[in-house]
Amino acid sequence: MRFARPGLPESSLVAHFSYHTSLSGSPRLAYVPVCASGAQALTIHYVENNRQVKEGEMVLIDAGCEWGGYASDITRASALRKAFDSLRGLRKLADSPGTSRRTGTFPASGTFTTPQAHLYEAVLRVVRACTKRCTSSTSWTFEDLHRYSVDLTRTELRDLGFEMRAGELERVLYPHFVGHPIGVDLHDTRSYGRDER
Amino acid sequence: MTLFCRPKDAYEELWNGARTGLDGVMEVFGADEVRPNSFVTPTSLKAHEPRTQACDSAKFGHRLQQILSHNSRGPVYIDLPSHSLSTFSRTRPRSPSRSFLSYLSLAGKDPGRDEVDEVMKALEKRDVRSAEKEVERLRLIKSEAEVKVMRRAADISADAHAKVRD
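Conventions and cut-offs
Residues numbered from 1 in each chain as written. Chains lettered and ligands numbered in written order. Predicted model: local features only at pLDDT ≥ 70, side-chain atom pairs only at ≥ 80, totals over all residues. Heavy atoms only, no water. Contact = heavy atoms within 4.5 Å. Buried area = accessible area lost by both parts, 1.4 Å probe. Salt bridge = Lys/Arg side-chain N within 4 Å of Asp/Glu carboxyl O. Polar contact = N/O pair within 3.5 Å; in protein donor to acceptor, adjacent residues only side chain to side chain. Helix = DSSP H or I, 4+ residues; strand = E, 2+ residues; numbered from the N terminus. Nonpolar A, V, L, I, M, F, W, Y, C, P; charged D, E, K, R; others polar. Buried < 20%, exposed > 50% of the residue type's maximum accessible area, 1.4 Å probe, protein only. Arc of directions from axis to C-beta. Disulfide = S-S within 2.5 Å. Pairing = 2+ DSSP bridges. Axes fitted to C-alpha atoms, helices over the stretch in contact; angles between N-to-C directions. pLDDT = per-residue confidence, 0-100. Parallel < 35°, antiparallel > 145°, perpendicular 65-115°, else oblique. Left-handed = near helix turned anticlockwise from the far one by under 90°.

1. A word on the interface of chain B and chain A
Working step 1: Between chain B and chain A, the residue contacts involve 27 residues of the former and 38 residues of the latter.
Working step 2: Taking both sides of the interface into account, the surface hidden between chain B and chain A amounts to around 3,000 Å²; carbon and sulfur atoms contribute 61%.
Working step 3: Per-residue buried area on chain B facing chain A is highest for His161(B), Val164(B) and Arg165(B); these three make up 24% of the total on that side.
Working step 4: Summed over the shared surface of chain B and chain A, the number is 3 salt bridges.
Working step 5: Taken together, the links from chain B to chain A amount to 11 residue pairs in polar contact (both at pLDDT 80 or more).
Working step 6: Put simply, the parts of the chain that give the side of chain B that touches chain A at least two residues each are α6 (131-140) and α7 (144-165) of chain B.
Working step 7: Considering each element in turn, the side of chain B that touches chain A owes the most residues, 18 residues, to α7(B).
Working step 8: Classifying every residue of the side of chain B that touches chain A by side-chain character gives 11 nonpolar, 2 polar and 14 charged.

2. Here's the deal with helix α2 (residues 21-29) of chain B
All names here are of chain B.
Working step 1: For α2, the complete set of buried residues consists of Gly-21, Gly-24 and Val-25. Along the axis of α2, the buried residues cluster in a sector spanning 100 degrees; they form a single face. For α2, the exposed residues lying more than 90 degrees away from the buried face are Asp-23 and Glu-27.
Working step 2: Looking at the buried side of α2, the elements it contacts are β1 (2-5) and β2 (33-36).
Working step 3: At the C-terminal side of α2, Gly-30 shows a positive phi close to 65 degrees.

3. Topic: the state of the cysteines
All names here are of chain A.
Working step 1: Evaluation of the coordinates by the stated rule reveals 0 disulfides over all chains.
Working step 2: Cys-35 takes part in no disulfide bond, and the closest cysteine sulfur to it belongs to Cys-65, at a distance of 17 Å.
Working step 3: On the accessibility criterion, Cys-35 (0% relative accessible area) is buried.

4. Quick look at the sheet that holds strand β2 (residues 34-37) of chain A
Residue and element names in this part refer to chain A.
Working step 1: Spatial strand order, β2-β3-β6: 3 strands in an open sheet with antiparallel pairing. Of all strands in the sheet, those bounded by a partner on one side alone are β2 and β6 (74-79). Mean inter-strand twist for the sheet, computed between neighbouring axes without regard to direction, equals 10 degrees.
Working step 2: Bridge count between β2 and strand β3 (residues 58-63): 4 bridges; the pairing is antiparallel. Across the sheet, the residue bridging to Ala-36 is Leu-60, located in β3.
Working step 3: Packing against the sheet, helix α1 (residues 10-23) makes contact with β2 and β3, and its axis sits at approximately 140 degrees to β2.

5. Brief notes about the sheet that holds strand β5 (residues 70-71) of chain A
Working step 1: What the 3 strands build is an open sheet, ordered β1-β4-β5 (chain A); its pairing is antiparallel. This sheet does not close on itself; its edge strands, each paired only once, are β1 (28-29) and β5 of chain A.
Working step 2: Here 2 bridges tie strand β4 (residues 65-67) of chain A to β5(A), and the two strands are oriented antiparallel to one another. Within β5(A), the residue paired with Glu66(A) across the bridge is Ala71(A).
Working step 3: Along the sheet, α7(B) contacts β4 and β5 of chain A; its crossing angle with β4(A), the most-contacted strand, is approximately 145 degrees.

6. Describing the confidence of the model for chain B
All names here are of chain B.
Working step 1: Residues with a pLDDT of 70 or more make up 64% of chain B, whose mean pLDDT is 75.
Working step 2: Across chain B, α7 holds the top mean pLDDT of 97, while helix α4 (residues 99-104) sits lowest at 54.
Working step 3: Scoring of the predicted complex yields 0.77 for pTM and 0.84 for ipTM.

7. Considering the pattern of salt bridges
Working step 1: Evaluation of the coordinates by the stated rule reveals 14 salt bridges over all chains.
Working step 2: Salt-bridge contacts for Arg154(A) lead to Asp151(A); the nearest nitrogen and oxygen are separated by 3.8 Å. Within this pair, Arg154(A) and its partner Asp151(A) are both found in helix α4 (residues 142-159), separated by 3 residues, close to a single helical turn.
Working step 3: Of the charged contacts in the structure, one is a salt bridge between Glu13(B) and Lys8(B), with a shortest N-O distance of 2.9 Å.
Working step 4: On the basis of relative accessibility, which here comes to 45%, the residue Lys8(B) falls in the partly exposed class.
Working step 5: What emerges from the salt-bridge pattern is a single network uniting Asp185(A), Asp188(A), Arg139(B) and Lys142(B).

8. Re the packing of α1(A) against α7(B)
Working step 1: For the pair α1(A) and α7(B), interaxial distance at closest approach is 8 Å and the crossing angle is 140 degrees. Considering their axes alone, α1(A) and α7(B) lie oblique with respect to each other. Note that α1(A) runs across α7(B); the crossing there is right-handed. Packed against α1(A), whose contacting residues are Leu13(A), His16(A), Phe17(A), His20(A) and Thr21(A), the element α7(B) presents Ile156(B), Ser157(B), Ala160(B), His161(B), Lys163(B) and Val164(B) at the interface.
Working step 2: A per-class count over the contact of α1(A) with α7(B) returns 5 nonpolar, 5 polar and 1 charged.

What follows is the structure in structure tokens.
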């Protein structure tokens, strides 16, 4: 049964996350988590985590544990609804063989409104396409991967009716770049350049 | 190899955990010479031990010069915390700043101006590089064992995410 439900403070979702990682042997979280419900998710480093989650909202959680001396860092968003049946459409996406939770294919909690479902699926497609490109044979830099993710996202948004001018997507919605190297340090290592192979 | 490191300190260790200490460091890391780089907390010293004997930071500059003149060629690897990252090129940092020795002088006894000047002078003639960059180069590519650990960390996080949402 899902833990997250309307009326809970964001911090309790974080505590629940932390509780479960500690049971698996993680001594601490790798960083201060973000639990941003509704419009709070528009703030990239929202860490107040003191708002009550509300029925019908999307909740974004950016949290990762430290284990064996190494950091993890996962951000996911889902919808919060009292009813948690009828996920069939999205569950099919998530439970197809060969997918793993770690790479972002995960059952959603609650049912989505249509706009939420469309955006969710759009982002999921971009995540999957990018993950496929993360191999040594592809030999991409972080810049290459980011550019690819921007192009895909612009196309997905255009299909949903959002026309974004050049640079607007990154400036308004996606200033945080596609990702970062991770290891002993959360952002590992400091001197690594995004244009390096 | 000469290692400057923290000596055993009963009071500090009571609060913050055991230290290897100078003898331990010599044994574990195989240093040829080990010197303390900080004072021992007064409560740990016996009544007759003067404080200054517990710290060799002041000798660091002198020792460094000895080593530099002994090995007069080849690069010198140093990392200077006072520099911001943007001023660092990959292998060649700008000339080291005065705060370098103060930083190392954890004893709180600032090295004399002359000593700092001497060391800076000695270093300026040399090919000074960042050790941190070299280590980061190695850290960037993960070993198989590291990948296993990172997968486990990620799996734990992924499962926890799912438990919050499902």
